[in-house]
Amino acid sequence: MKKSYICCSFVCLMMIFAFATTASFANGKKGHDHGHSVDPHMQAMYALKDKVPMDYQIMERTPIIPDQESLQNGSAIFQRQCAVCHGEQGRGDGPAAKGMNQKPANFLDREHSAIYGPGEKFWIIGNGSGETGMPAFSDLSLMDRWHLVNHIYLLQEGEPDKEKHEHHH
Ligand code: HEC
């Protein structure tokens with residue numbers, strides 16, 4: 001029993017490794033493709049994507065279930081630290097957005113936002129985006145960063161935006 005478990009995890013690990021290697025190889029090959037003039041902003045976004053470690057690039061969902069607790073945490077932190085730029089609803093229209101050259105991301109523009117998957121959003125929150133002007137929130141715990149990603153996806157789903165329950169303690 002135990003032995004087969006170990007063996008299975010080993011095989012899984014090998015598969016992940018093989019996949020990651022192929023994926024990063026394939027990724028490295030594009031880039032200089034066609035000579036179309038690409039929107040510099042898009043270029044900056046893809047350049048940033050390339051900096052994100054492959055483990056995060058290939059994630060399809062957050063590892064933290066977006067239950068009520070996670071979403072409440074995410075929402076509270078978002079209003080406190082992110083809304084000033086990204087806006088309360090995530091439309092990129094917070095008060096600080098006005099003076100910025102590169103406007104903060106509008107998370108409700110799903111097509112644009114989908115360039116970064118959940119793992120990439122998580123990484124960007126902790127590391128910042130460099131030239132596009134998103135600060136690094138390295139003081140936030142890893143859990144809080146996942147709660148924030150969960151919250152961003154909730155904003156995108158446009159869930160019935162339950163009356164803003166402001167709970168100040
Ligand atoms: C000083 C303003 C500012 C603050 C504060 C800020 N951001 Fe950003 N954010 C930006 C800018 C500018 C970008 C780059 C927009 C782009 O590339 O389209 C960005 C991009 C992002 C992205 C990647 C784009 C996407 O659609 O996935 C994520 C995720 C993100 N921010 C999350 C957050 C979270 C969570 C917080 C709060 C902890 C936060 N940001 C606080 C300005 C800010």
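Residues numbered from 1 in each chain as written. Predicted model: local features only at pLDDT ≥ 70, side-chain atom pairs only at ≥ 80, totals over all residues.

Engineer: Can you help me understand the site of the ligand in this one?
Structural biologist: Around the ligand sit 24 residues, and of these Cys82, Cys85, Ala105, Ser113 and Met134 come closest. For the shell around the ligand, the element with the most residues is helix α4 (residues 68–86), which contributes five residues. Of the residues in the shell around the ligand, the class split is 16 nonpolar, seven polar and one charged. (Near = placed C-beta within 6 Å. Helix = DSSP H or I, 4+ residues; strand = E, 2+ residues; numbered from the N terminus. Nonpolar A, V, L, I, M, F, W, Y, C, P; charged D, E, K, R; others polar.)

Engineer: Any chance you could explain the nonpolar core here in plain terms?
Structural biologist: A general tendency of soluble globular proteins is for nonpolar side chains to be buried together. Ranked by internal contacts, the top residues of the largest apolar core, which has 16 residues, are Phe122, Leu148, Val149 and Ile152. Elements with a contribution of two residues or more to this core: α4, α6 (118–127) and α7 (142–157). At six residues, the largest contribution of residues to this core is made by α7. Residues within four places of Val149 in sequence aside, it is in contact with Thr62, Pro118, Lys121 and Phe122. (Core = buried A, V, L, I, M, F, W, Y, C linked by C-beta atoms within 7 Å. Buried ≥ 20, exposed ≤ 12 C-beta atoms within 10 Å, placed from the backbone. Contact = placed C-beta atoms within 7 Å.)

Engineer: What should I look at first to understand α4 in this one?
Structural biologist: Side chains of residues three or four places apart in an α-helix project in the same direction, reflecting 3.6 residues per turn. Taking 1.5 Å of rise per residue, 19 residues should cover 27 Å, yet α4 covers just 22 Å from first to last C-alpha, more than 12% shy of that figure. Along α4, the sharpest change in direction is near 55° and occurs at Gln79. Within the span of α4, buried status applies to Ser70, Gly74, Ser75, Ile77, Phe78, Cys82 and His86. Packing partners of the buried residues in α4 comprise α7. Remark: Gly87 follows α4 within two positions and exhibits a positive phi of approximately 85°. (Expected span 1.5 Å × (residues − 1). Bend = angle between axes of the 7 residues up to and from the residue.)

Geometric descriptors of this kind do not, in isolation, establish any biological role.
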